[in-house]
Amino acid sequence: MSFETRIDRRFAALRAEGRGGLAAFVTAGDPDPATSRKIVMGLAAAGADVIELGMPFSDPMADGPAIQVASQRSLKAGGSLRDTLAMVRELRAVDDDTPVVLMGYFNPIYVYGVDAFLRDARAAGVDGLIVVDLPPEEEAELCLPARDAGINFIFLAAPTTGDARLDRVLRHASGFVYYVSVTGVTGAAAAAAGTIDAAVARLRRHTDLPLVVGFGIKTPDQAAAVAAVADAAAVGTALVAKVAEGLDGDGKAGPGLVDGVLGLVRDLADGVRRARKGEAAQ
Amino acid sequence: MDSLNTYRGGPDEQGRFGKYGGRFVAETLMPLILEVEQAYADCKADPAFRAELDGYLANYVGRPSPLYYAQRLSAHLGGAKIFFKREDLNHTGAHKVNSCMGQILLARRMGKKRIIAETGAGQHGVATATVCALFDLQCVVYMGAKDIERQAPNVYRMKMLGAEVRPVAAGSASLKDALNEALRDWVANVEDTYYLIGTVAGPHPFPMMVRDFQCVIGDEVREQIMAQEGRLPDSVLACIGGGSNAMGILHPFLDDKDVRLIAVEAAGEGLDTGKHAASLTAGSAGVLHGNRTYLLQDADGQIQEAHSISAGLDYPGIGPEHAWLRDVGRVEYVSATDAEAVAAFHVCTRMEGIIPALESAHAIAHAMKVAPGLPRDHLMVVNMSGRGDKDLNTIAALDETAPKGDVA
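Please read these numbers as outputs of a predicted model, since none were measured by experiment.

**Q** In this structure, what is going on with helix α7 (residues 152–160) of chain B? I would like to understand it.
**A** Given 3.6 residues per turn, any residue in an α-helix points the same way as the ones three and four places further on. All names here are of chain B. For α7, the set of buried residues is Asn 154, Val 155 and Met 158. For α7, the angular spread of buried residues about the axis comes to 105°, placing them on one side. Turned more than 90 degrees off the buried face of α7, the exposed positions are Tyr 156 and Met 160. Contacts made by the buried residues of α7 are with β5 (114–119), α5 (123–135), β6 (138–144), α6 (145–150) and β7 (164–168). At the exit of α7 stands Gly 162, carrying a positive phi of roughly 100°.

As structure tokens, this is what we get:
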């Protein structure tokens, strides 16, 4: 790649530190734009190495119930792609180091207009994109234009992605590779012990890019085990569930909501920091 | 559009009809989608597959379905000579079984043991449950909670046939949400499960494959109208939700430039009320459920709820080939409201002794609008895509609230 993003710099730093990182996912605008801003502004200080910001969508086909309702809460409270970009701009005013990856589905981007979106995302300080419903077969839609705009397009690899197909998936990959560790939607049960180690080893044979493993990782111990072998563990459903836990009886943000979410981020971050590379791997 | 040699050549290798279609699915599903594409190509090239399918269509489904001259309705309207293509007489009562039969044979060849499907009106769910019973395969049907309520007889039929009906309460609790949930199931069960999609939508190769299996409708109409009238029809009409019955009857006529092709969307309570399901008439291009097509959506790309009295048309998208046919102008897309469909339902029932599905009643409603102004030698074929037994609860509920009157 001819450009370097905050993602590249952050993973280089993590490798230098000899530890795996924590990629923390929350849905932008969940449960409302103001509370969501407080969460996002606090993620890096709580120990998130990469911020994954969910772009709310009405029909999140690859997500389990927790992230589905997070999207619904956000949209109901006025969340949108435009406001997601505004949040990144506001974050960048105080934090120019933590990588921000937008994660979601293609339709809101398509309707926004790919060129306009890439221009605005780049200007806001977005480093990478994970768009679940854009496999390599559709790379002309956003992956190649994103690369031209200086934004990493992150590809997903799944247990169903065979070796022959991996090379196709990785052809235009940059930033990092996101390994979907279970065949299922977000929030599913964790992958069986040992399968992630084997999967990471397989991916390493195909790419030098950092590997982030997600889906099914909910506890600090799970995050630690993953961070010991991969370059980062991604946690989403557990954080979004904390948002839901912090709602009051009317579905509005309760007083302890932000602290509850950031507290879990701290615990997860402690977990990945405990796991020095190579030590927790059995 | 004059530069096209054929309108029947799509899709291309990327599964595109013009800019529509494609394969917008998660990576977890992608290898399986490619496997389905290969398996379908193998089946298409295998005469034994076609022979097996034709055998079931003839002896199990009851094909060919009749092409019936609706004499009283034609006389009543005083214009075009109207024919019904009687897909309502198929086993299970609608056109859906045509594609189910083809896809179940494909799933068996792929060695899949578990079948999932989404359903709106329940016709596709019933047809899927039926072919699963026939071949002793596990069957799970996702259905919006709202649709379960308004299509109770079909829910009961599916259960009797051995299917598990899983209610979907998320979102608008109707067809699009059932599709989301079926996709989530598929992603979690890719190894043993085949997703038997009910319409000409979803990722490539489904729009092509379902179209191919449904084209038996239009292919038969060509032969039947030639036998009965000695020429091709002047116009062909079908209702359209996702678009499978419309594609099945219209596609074989796409290259007959003198045949007018019309598909009728659900205008619900009216196009200007926002409560409708007319994605081609009132939507815009977007990406949902594996393909790019016309969608009902807001300025932020959020999908809006569709509305139609007919659960089978209550979908905010449409098959991608229809989106392309709209843009190139080969098929006319019009709409009929709930009220027009209900009126047509009653007229058809009283005049022809045929109780149409509320979906099909949309096509009849448009026929009733245009037929009086057409000459008596105008041959008009209307796809009677399904029978209306499943809609009796909906109609009965209206009767309790609506003023009585002579419907004809």
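**Q** Where do I start with the interface of chain B and chain A in this structure?
**A** Put simply, an interface is often sized by how much accessible area is lost when its parts join up. With 38 residues of chain B at the contact, the number on the chain A side is 38 residues. Taken together, both faces of the contact between chain B and chain A bury some 2,800 Å²; the carbon and sulfur share is 51%. Connecting chain B to chain A are five salt bridges. Here Glu 138 of chain A makes a salt bridge to Arg 16 of chain B, at a shortest N to O gap of 2.3 Å. Where chain B meets chain A, there are 19 residue pairs in polar contact (both at pLDDT 80 or more). When residues of the side of chain B that touches chain A are traced back to their parent elements, those giving at least two are β2 (20–24), α1 (30–44), α8 (175–188), β11 (284–288) and β12 (290–295) of chain B. Among the elements that take part in the side of chain B that touches chain A, α8 of chain B stands out by supplying eight residues, more than any other.

**Q** Would you explain the nonpolar core in this entry?
**A** One finds Phe 117, Leu 129 and Tyr 178 of chain A to be the most contacted residues of the largest nonpolar core, which totals 199 residues. If one sorts the elements of this core by residue count, helix α12 (residues 257–274) of chain A sits on top with nine residues. In contact with Leu 129 of chain A, not counting residues within four places along its chain, are Val 101, Leu 102, Phe 117, Leu 118, Leu 142, Ala 146, Ile 151, Asn 152, Phe 153 and Ile 154 of chain A. One finds Ile 82, Ala 336, Ala 363 and Ala 365 of chain B within the second-largest nonpolar core, a separate group that totals 29 residues.

**Q** What am I meant to see in the pairing of strand β2 (residues 50–54) of chain A here?
**A** Consecutive residues of a regular strand have side chains that alternate between opposite faces of the sheet. All names here are of chain A. Among the five residues that make up β2, five are buried, leaving the element largely enclosed by the rest of the structure. Here strand β1 (residues 21–27) pairs with β2 via five bridges, running parallel. Note on β2: the bridge partner recorded for Ala 24 is Ile 51. In the classification by handedness, the crossover that spans β1, the intervening helix α2 (residues 33–46) and the parallel β2 is right-handed. Pairing between β2 and strand β3 (residues 100–104): four bridges, direction parallel.

**Q** Mind showing me how you'd approach the sheet that holds β11 of chain B here?
**A** Paired through their backbone hydrogen bonds, the strands of a sheet run either parallel or antiparallel. Residue and element names in this part refer to chain B. With antiparallel pairing, the four strands of this open sheet are ordered in space as β1-β2-β12-β11. Each edge of the open sheet is held by one strand with a lone partner, namely β1 (16–17) and β11. Looking at chain direction, β2 and β12 are connected through two bridges and run antiparallel. For Gly 21, the partnering residue across the bridge sits in β12 and is Arg 292.

**Q** Hey, could you run me through the packing of aromatic side chains in this one?
**A** Any two aromatic rings considered together are summarised by their centre-to-centre distance and by the angle between their planes. Residue and element names in this part refer to chain B. Tallied over the entire structure, the rule returns 17 aromatic pairs over all chains. These aromatic residues form a ring-pair network of at least three members: Trp 186, Tyr 194, Tyr 195 and Phe 206. Taking the ring centre of Tyr 69 as reference, the NZ or CZ of Lys 81 above it sits at 4.8 Å.

**Q** Before we go on, may I ask you to explain the pairing of β11 of chain B in this structure?
**A** All names here are of chain B. Where burial is concerned, most of β11 is hidden: four out of the five residues are buried. Where β11 meets β12, five bridges bridge the pair, whose relative direction is antiparallel. Within the sheet, the bridge partner assigned to Ala 285 lies in β12 and is Tyr 294. Hairpin remark: β11 followed by β12, antiparallel, with one residue in the connecting loop; positive phi at His 289, about 55°.

**Q** Explain the domain arrangement of chain B to me, please; I cannot follow it from the model alone.
**A** Residues and elements named next belong to chain B. Each assigned domain of chain B is listed here: domain 1 (17–58 + 96–210) and domain 2 (64–93 + 215–401). Inter-centroid distance (C-alpha atoms) of domain 1 to domain 2 is 22 Å. Taken together, the contact pairs 42 residues of domain 1 with 42 residues of domain 2. Between domain 1 and domain 2 lies a buried interface of about 3,300 Å² when both sides are counted; carbon and sulfur atoms form 58% of it. Put simply, Asp 314 and Lys 146 hold a salt bridge, and the shortest N to O gap is 3.9 Å. Taken together, domain 1 and domain 2 are joined by 14 residue pairs in polar contact (both at pLDDT 80 or more). Elements with a contribution of two residues or more to the side of domain 1 that touches domain 2: β2, α4 (96–109), α5, α6, α7, α8 and α9 (206–214). Of the residues assigned to the side of domain 1 that touches domain 2, the class counts are 18 nonpolar, 16 polar and eight charged.

**Q** In this structure, what is going on with the sheet that holds strand β8 (residues 193–195) of chain B? I would like to understand it.
**A** Residues and elements named next belong to chain B. Pairing is parallel in the open sheet, where four strands are placed in the order β7-β6-β5-β8. With one partner strand each, in any of the chains shown, β7 and β8 form the two edges of the open sheet. Across this sheet, the average inter-strand angle for adjacent strands is 25°, counted without regard to direction. Strand direction decides the pairing type here: β5 and β6, joined by six bridges, are parallel. Across the sheet, residue Ala 117 finds its bridge partner in β6, namely Val 141. With respect to the sheet, α5 is in contact with β5 and β6, its orientation differing from that of β5 by roughly 165°.

**Q** I would appreciate a short explanation of the side chain of Gln 123 of chain B in the present structure.
**A** Residue and element names in this part refer to chain B. Residue placement: Gln 123 occurs in helix α5. A polar atom in the side chain of Gln 123 sits 3.5 Å from the backbone oxygen of Thr 92. Those residues in contact with Gln 123 that sit more than four places away from it in its chain are Thr 92, Gly 93, Ala 94, Lys 96, Asn 154, Arg 157 and Lys 390.

**Q** I'm lost on empty space enclosed by the protein in this one. Help?
**A** Rolled over the atoms, a probe sized like a water molecule indicates the empty space that remains. Residues and elements named next belong to chain B. According to the stated counting rule, one finds six cavities of 30 Å³ or more in the structure shown. Each pocket or cavity is described by its volume, and for the largest cavity that value is around 320 Å³. Around the largest cavity, the lining is made up of 29 residues, and of these His 95, Lys 96, Ser 244, Gly 312 and Glu 359 lie nearest the centre. Put simply, the parts of the chain that give the lining of the largest cavity at least two residues each are β5, α5, α8, α11 (244–250) and α15 (358–370). The class makeup of the residues in the lining of the largest cavity is eight nonpolar, 17 polar and four charged. Two domains each put at least three residues into the lining of the largest cavity: domain 1 (17–58 + 96–210) and domain 2 (64–93 + 215–401).

Rules behind the numbers
Residues numbered from 1 in each chain as written. Chains lettered and ligands numbered in written order. Predicted model: local features only at pLDDT ≥ 70, side-chain atom pairs only at ≥ 80, totals over all residues. Heavy atoms only, no water. Buried < 20%, exposed > 50% of the residue type's maximum accessible area, 1.4 Å probe, protein only. Helix = DSSP H or I, 4+ residues; strand = E, 2+ residues; numbered from the N terminus. Arc of directions from axis to C-beta. Contact = heavy atoms within 4.5 Å. Buried area = accessible area lost by both parts, 1.4 Å probe. Salt bridge = Lys/Arg side-chain N within 4 Å of Asp/Glu carboxyl O. Polar contact = N/O pair within 3.5 Å; in protein donor to acceptor, adjacent residues only side chain to side chain. Core = buried A, V, L, I, M, F, W, Y, C linked by side-chain atoms within 4.5 Å. Pairing = 2+ DSSP bridges. Right-handed = clockwise from strand over helix to strand, strands pointing away. Phe/Tyr/Trp six-rings, centres within 6.5 Å; stacked < 30°, edge-to-face > 60°. Lys NZ or Arg CZ within 6 Å of the ring centre and 35° of its normal. Domains from an automatic or database assignment. Nonpolar A, V, L, I, M, F, W, Y, C, P; charged D, E, K, R; others polar. Axes fitted to C-alpha atoms, helices over the stretch in contact; angles between N-to-C directions. 1 Å grid on protein atoms, 1.4 Å probe; cavity = no way out; pocket = protein on both sides within 12 Å on 5 of 7 lines; lining within 4 Å. Points joined across faces, edges and corners; volume = space filled by probe spheres on them.

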